[in-house]
Amino acid sequence: MYKKLFIPGPTHVRERILEAQTALMIGHRSQEYSNLQGAIRPKLQKLFYTEQPVFLIASSGTGVMEGSIRQAVQQRGLVTICGAFSQRWYNLAVANGLPVDHVSVEWGKGITPEIVDEALSKGDYDTLTVTFNETSTGVMNPLKDIAALVREKYPDVVILVDAVSGFAGAKVEFDAWDLDVVLASSQKALAMPPGLSVVAVSERMLKRAASTKNRGFYFDFQRALKYYKRDQTPATPAVSLIQALNAQLDDILAEGLDNRWARHQEMADTVRAWARQYFDLFSDARFLSNTVTTIKNTRGINVAELNKELGRRGATISNGYGSQLRERTFRIAHMGDLTVADIQWLLGEINDILGLE
Ligand SMILES: *Cc1c(COP(=O)(O)O)cnc(C)c1O
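Residues numbered from 1 in each chain as written. Predicted model: local features only at pLDDT ≥ 70, side-chain atom pairs only at ≥ 80, totals over all residues. Heavy atoms only, no water.

### Focus: the domain arrangement of the protein
Looking at the assigned domains, one finds that the protein contains domain 1 (4-11 + 256-354) and domain 2 (22-254). In this structure, domain 1 and domain 2 have C-alpha centres spaced 26 Å apart. When domain 1 packs against domain 2, close to 2,500 Å² is buried across both sides, 59% of that on carbon and sulfur atoms. Contact with domain 2 buries surface across domain 1, with Trp-261, Phe-287 and Tyr-321 losing the most and accounting together for 26% of the total. (Domains from an automatic or database assignment. Buried area = accessible area lost by both parts, 1.4 Å probe.)

### Thoughts on the sheet that holds strand β4 (residues 100-104)
Taken in spatial order, the 7 strands line up as β2-β10-β9-β8-β5-β3-β4 in an open sheet, and their pairing is mixed. Looking at the sheet topology across the chains shown, the edges are occupied by β2 (54-58) and β4. Shown here is a sheet whose adjacent strand axes are inclined to one another by a mean of 20°, direction ignored. Summarising the sheet, strand β3 (residues 77-81) and β4 pair through 5 bridges and their orientation is parallel. Pairing of Gly-77 across the sheet is with Val-100, part of β4. Of the strands in this sheet, β2, β5 (127-131), β8 (158-162), β9 (181-185) and β10 (196-201) touch helix α3 (residues 61-72), which is tilted by about 165° from β9. Sheet strands touched by helix α5 (residues 113-120): β3, β4 and β5. Its angle to β3, the strand with the most contacts, is close to 150°. (Pairing = 2+ DSSP bridges. Helix = DSSP H or I, 4+ residues; strand = E, 2+ residues; numbered from the N terminus. Axes fitted to C-alpha atoms, helices over the stretch in contact; angles between N-to-C directions. Contact = heavy atoms within 4.5 Å.)

### Observations regarding the site of the ligand
The environment of the ligand is formed by 13 residues, the closest being Ser-60, Thr-62, Thr-135, Asp-162 and Lys-188. In this structure, Thr-62 approaches the ligand through a side-chain N or O atom, which is 2.5 Å from an oxygen atom. When the free accessible area of the ligand is taken as 380 Å², the share hidden by the protein chains comes to 91%. Grouping the amino acids of the shell around the ligand by side-chain chemistry returns 2 nonpolar, 8 polar and 3 charged. (Near = heavy atom within 4 Å. Polar contact = N/O pair within 3.5 Å; in protein donor to acceptor, adjacent residues only side chain to side chain. Areas by Shrake-Rupley, 256 points an atom, 1.4 Å probe, with all protein chains shown as cover. Nonpolar A, V, L, I, M, F, W, Y, C, P; charged D, E, K, R; others polar.)

### Details of the packing of aromatic side chains
Each aromatic ring pair is characterised by the separation of its centres together with the angle its planes make. Enumeration according to the criterion identifies 10 aromatic pairs in this entry. For the ring pair Trp-274 and Phe-279, a centre distance of 5.5 Å and an interplane angle of 45° mean the geometry is tilted. You'll find Trp-274 and Phe-279 in the same group, each marked buried. Positioned over the ring face of Phe-217 is Arg-223, at 3.8 Å from the centre of the ring. Positioned above the aromatic ring of Tyr-227, the side-chain terminus of Arg-230 is 4.6 Å from the ring centre. (Phe/Tyr/Trp six-rings, centres within 6.5 Å; stacked < 30°, edge-to-face > 60°. Buried < 20%, exposed > 50% of the residue type's maximum accessible area, 1.4 Å probe, protein only. Lys NZ or Arg CZ within 6 Å of the ring centre and 35° of its normal.)

### Some remarks on the environment of Thr-50
Within the secondary structure, Thr-50 is located in the loop between α2 (31-48) and β2. Owing to a relative accessible area of 6%, Thr-50 belongs among the buried residues under this scheme. Sequence separation between Thr-50 and Gly-311 is 261 residues; the distance between their C-alpha atoms is 40 Å. Beyond its immediate sequence surroundings of up to four residues, Thr-50 is in contact with Gln-45, Phe-174 and Asp-175. At 2.5 Å, the side chain of Thr-50 forms a polar contact with the side chain of Asp-175.

### Regarding the pairing of β8
Burial analysis of β8 places 5 of its 5 residues in the buried class, the great majority of the element. With 3 bridges connecting them, β8 and β9 associate as parallel partners. By the bridge assignment, Asp-162 is partnered in β9 with Leu-183.

### Notes on the packing of helix α10 (residues 257-278) against helix α13 (residues 340-354)
As a packed pair, α10 and α13 sit with axes 9 Å apart at the nearest point and diverge in direction by 15°. As summarised for this structure, α10 and α13 are arranged roughly parallel, according to the angle between their axes. The crossing of α10 and α13 is right-handed. Residues Arg-263, Glu-266, Met-267, Thr-270, Val-271, Trp-274 and Tyr-278 of α10 pack against Val-340, Ile-343, Gln-344, Leu-347, Ile-350 and Asn-351 of α13. (Parallel < 35°, antiparallel > 145°, perpendicular 65-115°, else oblique. Left-handed = near helix turned anticlockwise from the far one by under 90°.)

### Quick word on the confidence of the model for the protein
On average, residues of the protein score 98 in pLDDT, and 100% of them are at 70 or above. Here helix α12 (residues 322-325) stands out as the least confident element of the protein, with mean pLDDT 94; β8 is the most confident, with 99. (pLDDT = per-residue confidence, 0-100.)

### Points about the pattern of salt bridges
Throughout the structure, instances matching the rule amount to 25 salt bridges. For Arg-14, the salt bridge is made with Asp-251, and the minimal N-O distance between the two is 2.8 Å. Here Arg-14, found in the loop between β1 (4-5) and α1 (15-20), pairs with Asp-251, found in helix α9 (residues 239-255); they are 237 residues apart in sequence, far enough to count as distant. Owing to a relative accessible area of 25%, Arg-14 belongs among the partly exposed residues under this scheme. Asp-251 gets classed as partly exposed once you look at its relative accessible area, which sits at 22%. As a salt-bridge pair, Asp-337 and Arg-14 come within 2.8 Å of each other at their nearest N and O atoms. Pair noted here: Asp-337 is in the loop between β15 (329-333) and α13 and Arg-14 is in the loop between β1 and α1, with a separation of 323 residues, a long-range link. Through salt bridges with shared partners, a single ionic network connects Arg-14, Arg-16, Asp-251, Glu-255, Arg-260, Arg-263 and Asp-337. (Salt bridge = Lys/Arg side-chain N within 4 Å of Asp/Glu carboxyl O.)

Okay, structure coming up:
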């Protein structure tokens, strides 16, 4: 039995999108492929609110994170950490031998412009990483305000944004906020199968990357740009996923971006109201995520058991992240192509299982 996915990735994928993946194969150096990528290009730019290039890369998001930080850091990078995924930027940098520092807040708290300002003022940094939506805690960081601060006081710092679990579920205005790298993968709020990443790259970042030694090969933005100009990719693209992306972008734009953000807001509001009524929210109320909610297990329920019973009824949610938060919290994702009705159905089932009224 299919269990509808209320987890923060992979997310529920509609049949039409699964079917779009089964279109007949085409050669990636053919005109047909270039036409496909060319059709996707402006639609994807709309979703990123940008006129900059948006590259398609056959990789999960982590690969693009690694490629981005490798191309960005020449002097020293600053990583902001508020949970497990933002920590990943630091681990990636260290694994690549890059000089980075980090500034951390307690899990459940958000990264504020003040925290970023204080940390950046202490060193000669050229790179900042921000995790737009911290999936382990359900925090959506105030990216717009952070970017405004950086652009005003540290104009040469490039801002790398992991938007994996927020992109396509909440507005990120790449050009207006003057960001440098925003990356996302297909299996979160884009509501597609995993395996494809999308990344918008600014002029500032392209320039930086051009002068970075040992910037790597597979994710090299300069190479990507060369091929992008003829609507191709340097290595073989994930053709099937790109066919699905084309269909998904049509549906996203048909829904309307503002409607999409409003639907996510409404789903988030629904889960929060329920959580406040029966449990409590784990994260700082100022920075609650619009794509995933972390709920404090104030009733001491057995989350694993709850999920088993939900499975029998055709749904799955997430336990808390890692040994710190498992069973102490649980997470309900409300992203992608889920609807408010889906969320209401899920919450009704949970109430029924737990005997809540
Ligand atoms: C899922 C997730 C990732 C990892 O992305 P992959 O596509 O699995 O590599 C990174 N960051 C955040 C915030 C995520 O939610």
